[in-house]
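# An overview of the molecular structure
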Amino acid sequence: MAFDNNFMEIENIIPVPAMKLDKDGKIESANSLIGEVFLYDDIRGGDIFALARIKCSQLKDAVEKGIHIEIDRNDKVFKILPKALGENMEDGLLLYFIDITHEKTMERKYENEKSCICVVNIDNFDELQGGSYGDKNMAMVSQIDKIIRTWGNEVEGAVTRYKDSVYCIVFSQEKCMEQMESRFLILDQIRNIDSGMDFPITLSIGVGLNGKNHEENGKFADQALELALGRGGDQAVVKDRDVLSYFGGKAQTVEKSNKGKSRMIAHAFKQLVKTASKVMIMGHKNPDMDAFGAAMGISRIGRFFNKDTYIVLENYGEALDLLYSEAKKSGQYDILSRKKAMEIIDDNTLVVVVDTHKPSITECPELLGDNVKKVVIDHHRKGEEVVENPTLVYMEPYASSTCELVTEILQYTMDRKEVSKLEAEGLLAGIFVDTNKFSTKTGVRTFEAAGWLRRAGADLSNVKKLFQVDKQLFMDRIYGIANAEFNENGIAYSLCRGESPNTQMICSIVADELLTIRGIRGAFAIGVNHRGKTVISARSVGELNVHIIMEKFQGGGHLNAAGAQTDQSPLEVIAKLKEIMEDK
């Protein structure tokens, strides 16, 4: 204690910069070495919080917990070690400044030189190889290979091509940080290649870093690549242990011309249904036509194999009113509440999730236990939250709708005469909804699926009737369109009125309609549903990736159509959207 209280007498024999503070953080005295930290002639009477740019709470924590504070000064790094002169800070403090610049430099060098593993996938390689351009296609493949290898040299990496369309590149963490800052410009280089085809050439990149070893980094890279592909490709995903960062995602997903995967999925799904004791199907909460139509299609497969098949559904909006009523009237569907589903589920039940892959928004997340087999069928871009340990996953962001995917499974499972007229119309209605009546996200396979459903008995007149709404709902839609706000950047914002189960449907229709106005490149419709949640529907003509924008609200979807639900108020959402759109 005598040493501390007589600081002025021995301050100049202390071998490190040091100072004495009073209870308010004012500097009472400092030794001559303090000039290494603060370039001032006399700092006595100065405020340590202003000089060191630290907070009182930080200093208090450091004293009470015996930890230190780090500061950067004069191109050096110092560790501040505080020591109370009494039982607490009221009696004043001694601060010792330890120069740790060398240790920090070595630490940064070590971190920068750590290896990360990068896996690069050419997204449309099969389509590129299957084209009819012969030598031109081979020249493009060589051009892509050259760009990837040149990029590998730029990041000072070791490049290995271990499949025709897949490369592994090992480079330093420092180079990875540089690529993240530049947002992986190789994505733009590849996309700008003139393929002469009706789709752009794109890459998907997965990077893993900060694992315990190379093996873990490799696993991180594979998981990141899987996520990039699940989100539609044309992007890079960096997995830094539990932290994910996304870059790119500017191109539309490309429809696969080969139906080999859907055939294999259909075969695997049949085997799972055959061995299950019962089948339970659920979509997202407050389901739309796509979710319910897909559930009807899967229900047909379960009943085809004589399995007890149930659709789990608690609440629905007016958009589903007519189709739901027809389904109940037919007597072919067992529709259960969440409580009843939990009572009858057993270890041999097959749980099928349609039109979502996020457990938190499914009709009954409790059904997705570890002891049951789970199947996920979805067409949305993959997000961070996914169903854990699924037995089978069929996620295709290129598809127009989940109903399109289910229709393809039906084609490889049974003859179309086994599909009822109502099921065919329900599936076709789901495709209608998610393509906005075949005007967006529609490919050749979408029309093939629609054609198969028409031949299975779907009547377009009946399908259109399923979309009829009451007068109040129609007026709410008109209000949302008529009161929209437009800015100079071609973005429209609409605040829809009322709080009802139909808010989601109203917002989606309003956003679609706003996009038909000349000069509008993006539209956001916001409203509040009956649960008090703020609903957002986002649409774009392709210039904006609204999926990435909706992820900021814990939502998602597709490049040109996405949505979210949040606890923020509608006005807060609009303010945040405007802030985001300033950079777009």
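Just so you know, these numbers come straight off a predicted model, no measurement behind them.

For the rest of this paragraph, the subject is the overall build of the protein. Regarding its fold elements, the protein presents 22 helices and 23 strands. Considered along the principal axes of its C-alpha atoms, the protein spans approximately 100 × 60 × 55 Å. A sequence separation of at least 24 residues applies to 63% of the contacts in the protein between residues at least 6 apart. Carbon together with sulfur atoms contributes 48% to the accessible area of the protein, which is approximately 27,300 Å² in total. Once the 73 positive and 88 negative side-chain charges of the protein are each reduced to a mean point, those two points are 6 Å apart.

Segmenting the protein into domains produces domain 1 (7–106), domain 2 (114–248), domain 3 (259–467) and domain 4 (471–583). Relative to domain 2, the C-alpha centre of domain 1 lies at a distance of 48 Å.

Our focus in this paragraph is the packing of helix H12 (residues 289–304) against helix H13 (residues 321–330). Between H12 and H13, whose axes approach to 10 Å, the crossing angle comes to 20 degrees. Overall, the two elements H12 and H13 adopt an arrangement that is roughly parallel. When you trace H12 past H13, the crossing you get is left-handed. Two secondary-structure elements touch here, H12 through Met289, Phe292 and Met296 and H13 through Leu323, Tyr324 and Ala327. Its residues assigned to classes, the contact of H12 with H13 shows six nonpolar, no polar and no charged.

Each strand in a sheet pairs with its neighbour through backbone hydrogen bonds, running either in the same direction (parallel) or in the opposite one (antiparallel). The six strands lie next to each other as S14-S13-S12-S15-S16-S17, forming an open sheet whose pairing is parallel. Among the strands making up the open sheet, the edge pair consists of strand S14 (334–336) and strand S17 (392–395). Neighbour to neighbour, the strand axes of the sheet diverge by 20 degrees on average, direction disregarded. In this structure, strand S15 (residues 349–354) lies alongside strand S16 (residues 373–378), joined through five bridges in parallel fashion. Its bridge partner lying in S16, Val353 is registered against Val376. Sheet strands in contact with helix H15 (residues 402–411) are S15, S16 and S17, and its direction is about 120 degrees off that of S16.

Before going further, it helps to examine the pairing of S15. Of all six residues that make up S15, six are buried, and the element is covered over most of its length. Burial of the side chains of S15 extends over both faces: Thr349, Val351 and Val353 are buried on one face and Leu350, Val352 and Val354 on the other.

Now for the side chain of Thr349. Its location among the elements puts Thr349 in strand S15. Owing to a relative accessible area of 1%, Thr349 belongs among the buried residues under this scheme. Within the structure, Thr349 has its side chain in polar contact with the side chain of Asp346 (distance 3.0 Å). Contacts of Thr349, omitting those with residues within four sequence positions, involve Ser277, Lys278, Met280, Val372 and Lys373.

Our focus in this paragraph is the packing of H12 against H15. Between H12 and H15, whose axes approach to 8 Å, the crossing angle comes to 15 degrees. Relative to H15, the element H12 is oriented roughly parallel. Note that H12 runs across H15; the crossing there is left-handed. Contact with H12, carried on its side by Met289, Asp290, Gly293, Ala294, Gly297, Ile298, Arg300 and Ile301, involves Thr402, Cys403, Val406, Ile409 and Leu410 of H15 and no other residues of that element. Partitioned by chemical class, the residues of the contact of H12 with H15 number eight nonpolar, three polar and two charged.

To continue, consider the environment of Leu94. Positionally, Leu94 belongs in strand S5 (residues 93–99). Leu94 gets classed as buried once you look at its relative accessible area, which sits at 1%. Separated by 76 residues in sequence, Leu94 and Ala18 have C-alpha atoms that sit 7.2 Å apart.

Cut-offs and rules
- Residues numbered from 1 in each chain as written.
- Predicted model: local features only at pLDDT ≥ 70, side-chain atom pairs only at ≥ 80, totals over all residues.
- Heavy atoms only, no water.
- Helix = DSSP H or I, 4+ residues; strand = E, 2+ residues; numbered from the N terminus.
- Contact = heavy atoms within 4.5 Å.
- Areas by Shrake-Rupley, 256 points an atom, 1.4 Å probe, with all protein chains shown as cover.
- Lys, Arg positive; Asp, Glu negative; His and termini not counted.
- Charge placed at Lys NZ, Arg CZ, Asp CG, Glu CD.
- Domains from an automatic or database assignment.
- Axes fitted to C-alpha atoms, helices over the stretch in contact; angles between N-to-C directions.
- Parallel < 35°, antiparallel > 145°, perpendicular 65-115°, else oblique.
- Left-handed = near helix turned anticlockwise from the far one by under 90°.
- Nonpolar A, V, L, I, M, F, W, Y, C, P; charged D, E, K, R; others polar.
- Pairing = 2+ DSSP bridges.
- Buried < 20%, exposed > 50% of the residue type's maximum accessible area, 1.4 Å probe, protein only.
- Polar contact = N/O pair within 3.5 Å; in protein donor to acceptor, adjacent residues only side chain to side chain.

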